[in-house]
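# A structural walkthrough
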Amino acid sequence: MIIDVYADIVFLVNFGINAIVMALVNVLGRRGAKWWRIVLGGVLSALLYVLLLFSPFRGILNVFTSFVVLLPGLIACFGIKNLRHFLVNFGLAYISAFALGGLVMVTTNLVGVNTISTGDFATIRATPLNLAIAVAVAFGVVRFVRRYTADKAMDKKIFCQIGIEVEGKKAFLQALVDTGMTLTEPISQNPVIIAEMTAIADILPEQIHQLFINNQQDDLEAVEKSFEEAGWQAKFRLIPFKAIGQQNGVMLGFRPGSVTINNKPGGAAIIAICPFTLSNCGEYQGLINPVLYNVN
């Protein structure tokens, strides 16, 4: 039997599936990748699959080796921070792909779609309906797992050592990994580290330090003047947030020169200045978005 295979259809199908897998890894691993990186990852993996399928090496493609096509997509989407970071991403992608394939098979059987035999493999005719159901179930399961693991993590506090450098000055503080914090800076979408003002006072210009000493951090005119006098206009950030008992709020922050987490590069982050003590017993002086902690 002769089967016509169209490269554009193969590409579109694989792009959709691979992009969904990247999105699942992004959610499950709390990677914080932007949407365009997920799209780019899906495109690169789909292109590699098409190239292999229409090359002399198509005979090596099977249920295991086909996962090699995920490699360029994962690298484009999440990069390689270190070996552990890469292996975790690859493992999540492998699990997500198998789970998604299994869900498609289950929903296909439920709606009564038959399979098409193509040589040594059986290809499932995945309709938009059963694929949509599979994706919805997959994201629902991922959301449940994230919430479950976050609740479990609350019973076991995770701390890390944060180093903040700006204009040659450095400050170090103990931070709690807050599994419930999803705070990001709205313009750059970079994750936020909340630091007590007293813990980073040595790296703050005197004008900004005095701003908090005089309790003027809510006076926008005084804030603008202080950051301008300190020469920190380009570093200045406003970070909106919501908290229990407070519908809307804004924290003052700045873009540091660099951040380290447990003596390893912490990636792009914004520092929010907290005027009060975060821990009553002094266990920690900062709160860190888990996205930053998970890449180390």
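Thresholds, definitions, all that
- Residues numbered from 1 in each chain as written.
- Predicted model: local features only at pLDDT ≥ 70, side-chain atom pairs only at ≥ 80, totals over all residues.
- Heavy atoms only, no water.
- Core = buried A, V, L, I, M, F, W, Y, C linked by side-chain atoms within 4.5 Å.
- Buried < 20%, exposed > 50% of the residue type's maximum accessible area, 1.4 Å probe, protein only.
- Helix = DSSP H or I, 4+ residues; strand = E, 2+ residues; numbered from the N terminus.
- Contact = heavy atoms within 4.5 Å.
- Arc of directions from axis to C-beta.
- Polar contact = N/O pair within 3.5 Å; in protein donor to acceptor, adjacent residues only side chain to side chain.
- pLDDT = per-residue confidence, 0-100.
- Phe/Tyr/Trp six-rings, centres within 6.5 Å; stacked < 30°, edge-to-face > 60°.
- Pairing = 2+ DSSP bridges.

Turning our eyes to something else, we now look at the nonpolar core. Most often, soluble globular proteins keep nonpolar side chains buried together rather than apart. Ile162, Ile200 and Ile288 are the most contacted members of the largest nonpolar core, which totals 32 residues. Among the secondary structure elements, those contributing two or more residues to this core are strand S3 (159–166), strand S4 (169–177), strand S5 (192–196), helix H6 (206–213), helix H7 (220–229), strand S7 (246–254), strand S8 (258–261) and strand S10 (270–274). With residues near it in sequence (within four places) discarded, Ile162 still touches Ala171, Phe172, Leu173, Ala175, Ile193, Val259, Thr260, Ile261 and Ile288. Within the second largest apolar cluster, 13 residues are counted, among which are Val192, Ile239, Met251 and Leu287.

Our focus in this paragraph is the environment of Pro205. On the secondary structure map, Pro205 appears in the loop between S5 and H6. For the pair Pro205 and Phe227, spaced 22 residues apart in sequence, the C-alpha to C-alpha distance is 8.6 Å.

Next up on the list: H7. Every buried residue of H7 is listed here: Ala222, Val223, Ser226 and Phe227. With its buried residues spanning 125° around the axis, H7 presents them on a single face. Exposed side of H7, more than 90 degrees from the buried face: Leu220, Glu221, Glu224 and Lys225 are the residues found there. A distance of 3.1 Å separates the backbone nitrogen of Glu221 from a side-chain oxygen at the start of H7, and that oxygen is part of Asp219. Just downstream of H7 lies Gly231, where phi reads positive at about 75°.

Across the protein chain, the average pLDDT comes to 76, with 71% of residues at 70 or higher. Confidence scores differ between elements of the protein chain, with strand S1 (residues 115–118) showing the lowest mean pLDDT of 36 and S5 the highest of 93. Scored below 50 in pLDDT, residues 111–126 makes 23 contacts in the model with residues more than four places away or belonging to other chains.

In this structure the tally under the stated criterion is five aromatic pairs. Judged by centre distance (6.4 Å) and plane angle (10°), the ring pair of Phe11 and Phe15 falls under stacked. You can see Phe11 and its partner Phe15 sitting in helix H1 (residues 7–28), four residues apart, about one turn around the helix. With a relative accessible area of 23%, Phe15 lands in the partly exposed category. Between Phe227 and Phe236, the aromatic rings sit 4.5 Å apart at their centres with planes inclined by 50°, giving tilted as the arrangement. With a relative accessible area of 2%, Phe227 lands in the buried category.

Below, the discussion takes up helix H3 (residues 70–78). Looking at H3, one finds that the buried residues are Leu70, Gly73, Leu74, Ala76, Cys77 and Phe78. Down the axis of H3, the buried side of the element spans an arc of 170°, and every buried residue falls inside it. One or two positions beyond H3, positive phi appears at Gly79, with a value near 70°.

So, on to the pairing of S5. A regular strand places its side chains so that they alternate between the two faces of the sheet. With respect to burial, S5 is a largely interior element, five of its five residues being buried. Here three bridges tie S5 to strand S11 (residues 286–288), and the two strands are oriented antiparallel to one another. Pairing of Ile194 across the sheet is with Leu287, part of S11.

The residue Glu167 is not glycine, and still its phi comes out positive at about 50°. Structurally, Glu167 can be placed in the loop between S3 and S4. By relative accessible area, Glu167 is classed as exposed at 54%. Positive phi values are uncommon outside glycine, yet Asn262 reaches one of about 55°. Examined against the element boundaries, Asn262 turns out to sit in the loop between S8 and strand S9 (264–265).

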